[in-house]
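# Residue-level structural notes
Residues per chain are reported as follows:
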Amino acid sequence: MIKRVIPGDITARSNPRHIIRGINDTLDDLSGIGLENVERLKQSLLHPLILGSTVRFGFEGDRKLFMVVCHKIGKGGWANADNYIRYAMDNLHHSDEVEGLKGQEYSIVQIGAGPVGDRDGADVGSIITAMATSLLPVTLFVNDFSQIRPSVKKASPPHLVAEVAWHPEFGRQELAYAA
């Protein structure tokens, strides 16, 4: 559920919440948070990421970054992205006790509203509806209320290392690789 909408930079230190963002299944054509760490992530995965997978990174301090695999690259690649986002958010809601995050707060970008979503036909309205109807309470970050565009600035702390991947078929995978 979307508890509030805030204009601004989701990565700012003034946002103490965990961060959720969308990514594609091949980890190609990415921008924004965590970009510099994608190649190391690709090399450390036991199984290819499929739609509905989630990767968790340590971000800054106690904050975590969750990358939700919700679309493919290319026209039509955003089909059912709303379902994958809802699935991942509800999974976070149900697994947060196991992960030691019970009662923590989450923030999310406006997934699908960036350049790749524009180019490949993301249905931003359906994605926002999925966020709003999810069991996971989130704060939605946007650049400003008049444009309602994503608020992800290029941010990748040098210590950003993937910790866990969750695959719909194979389950949880602890990730360990040289930083």
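Going along each chain's sequence as written, the residues are numbered from 1 onward. It should be noted that, the model being predicted, local features are given only for residues of pLDDT at least 70 and side-chain atom pairs only at 80 or more, the latter also being counted only at that level, while totals for whole chains, interfaces and linings use all residues. The side-chain quantities take in all heavy atoms of the structure and omit both hydrogens and water.

### Details of the pairing of strand 4 (residues 64-71)
- Whether a residue is buried, partly exposed or exposed follows from its accessible area with a 1.4 Å probe, protein chains only, as a fraction of its type maximum: under 20%, in between, or over 50%, in that order. Where helices and strands are cited, they refer to DSSP runs of H or I of at least four residues and of E of at least two residues respectively, numbered from the N terminus. Burial of strand 4 is extensive: 8 of the 8 residues sit out of reach of the surface.
- DSSP calls a pair of strands paired once it identifies at least 2 bridges connecting them. The pairing of strand 3 (residues 54-58) with strand 4 spans 5 bridges and is antiparallel. Residue Arg 56 lies in a different strand from strand 4, and its bridge partner there is Phe 66.
- Counted along the chain from strand 3 to the antiparallel partner strand 4, the turn is 5 residues long, and its residue Gly 61 has a positive phi close to 60°.

### What about the pairing of strand 2 (residues 18-24)?
- With 7 of its 7 residues buried, strand 2 lies for the most part within the structure.
- Where burial is concerned, the two faces of strand 2 agree: the one with His 18, Ile 20, Gly 22 and Asn 24 and the one with Ile 19, Arg 21 and Ile 23 are both buried.
- Where strand 2 lies against strand 5 (residues 106-109), 3 bridges are found, and the strand directions are parallel. The residue bridging Ile 20 from the neighbouring strand is Ile 108, located in strand 5.
- Direction of pairing for strand 2 relative to strand 4: parallel, over a ladder of 6 bridges. The partner of Gly 22 across the bridge, within strand 4, is Val 68.

### A short note on unusual backbone geometry
- You will see that Asn 80, though not glycine, has its phi angle at about 65°, which is positive.
- With respect to the element layout, Asn 80 can be found in the loop between strand 4 and helix 2 (81-95).
- The exposure class assigned to Asn 80 is partly exposed, which follows from its relative accessible area of 46%.

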